[in-house]
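So the chains spell out like this:
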Amino acid sequence: MLRLFTFCMAALSISAPAQAADWRALDPAETLVIETSKGTILVEMRPDLAPKAVERIKLLAREGVYDGLLFHRVIENFVDQTGNPNNRDGGVSKHPDLAPEFTFRIKTGDPHVIVRDTSDAVEGFVGSTPFIGAQDLLDTNPLGRRASGAYCPGVAGMGRQEAITTANSEIFFMRQASRRLDGDYTVWGRAVKGLEVIRAMAVGEPPAEPDRMIRVRVATDLPATERPRVEVLDERGSAFKALVDKVRAAKGADFTVCDIEIPAR
């Protein structure tokens, strides 16, 4: 049974067009700026979901490892894969492999919003990143709600080989939703700008003429004049709630968290 939309920070009313208070600025320390041959992608990284993955991506960006690497495996309606220093599957950085971060915990008071609540699960957002969570009662579970990132369009994940402990440097971006990946690959953020760039990458395994990441930087490492000034619709605000209500009404029983694209400006 689909239940009413609920906010986990506070109950907010629906408003008309989004006001200034409905927007929030990206944290430059958690924003990855990826300049590609097809345009720029901005990713809001989520260390609260995957701290080790975000730490590794920042390290590799600062070492320049990602600069110039190809999108070596691009599958239409699925993913763009890149990040391997040898530009093909199986390549790794000089750093050790990472343990999986497939799940995380949302504790009482943690900022998040639920947009779909069923008898056995919830779906919502931590920042701009969608998640699916267990139907735990936060007030009675001291560990908090078990959750994993939801593989919706624009979501960023860590690639790996067959063993779940083999994530290293490879990253991928979702061209479309593929929920079969939920809970099986680490989610470390979501592209808040550049979904059209992700979808424009040359397709192939490998592509005949692959696109590439030209330069990858953490926004805080850029000179102030070069940092992107981007705001996203605050998922805890009334304008976001109005957006969700509108999309849910249009989709009906088919509504899922992947139907919500976070507006940015």
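Attention in this report is confined to the structure presented alongside it.

## Some points on the pattern of salt bridges
Then comes step 1: Taken as a whole and judged by the stated rule, the model has 23 salt bridges.
Then comes step 2: Among the salt bridges present, the one from glutamate 235 reaches arginine 24, with a minimum N-O distance of 3.2 Å. Separated by 211 residues along the polypeptide, glutamate 235 in the loop between strand E16 (231–233) and helix H3 (238–251) and arginine 24 in strand E2 (residues 23–25) bring together distant segments of the chain. Both residues of the pair, glutamate 235 and arginine 24, count as buried.
Then comes step 3: Linking aspartate 245 and lysine 241 is a salt bridge whose minimum nitrogen-to-oxygen distance equals 3.1 Å. Separated by four residues within a single helix, aspartate 245 and lysine 241 lie in helix H3, roughly one turn from each other.
Then comes step 4: On the accessibility criterion, aspartate 245 (19% relative accessible area) is buried.
Then comes step 5: A residue is classified by how much of its surface remains accessible, and lysine 241, at 14% relative accessible area, is buried.

## Points about the environment of aspartate 221
Then comes step 1: Looking at where aspartate 221 falls in the secondary structure, it is placed in the loop between strand E15 (213–218) and E16.
Then comes step 2: Remark: the alpha-carbon pair of aspartate 221 and alanine 29, spanning 192 residues in sequence, is separated by 8.1 Å.
Then comes step 3: In terms of polar contacts, aspartate 221 uses its side chain to reach the side chain of arginine 62, at 2.6 Å.

So, how was this worked out
- Residues numbered from 1 in each chain as written.
- Predicted model: local features only at pLDDT ≥ 70, side-chain atom pairs only at ≥ 80, totals over all residues.
- Heavy atoms only, no water.
- Salt bridge = Lys/Arg side-chain N within 4 Å of Asp/Glu carboxyl O.
- Helix = DSSP H or I, 4+ residues; strand = E, 2+ residues; numbered from the N terminus.
- Buried < 20%, exposed > 50% of the residue type's maximum accessible area, 1.4 Å probe, protein only.
- Polar contact = N/O pair within 3.5 Å; in protein donor to acceptor, adjacent residues only side chain to side chain.

Honestly, that's just the spatial picture; any functional story needs more than this.
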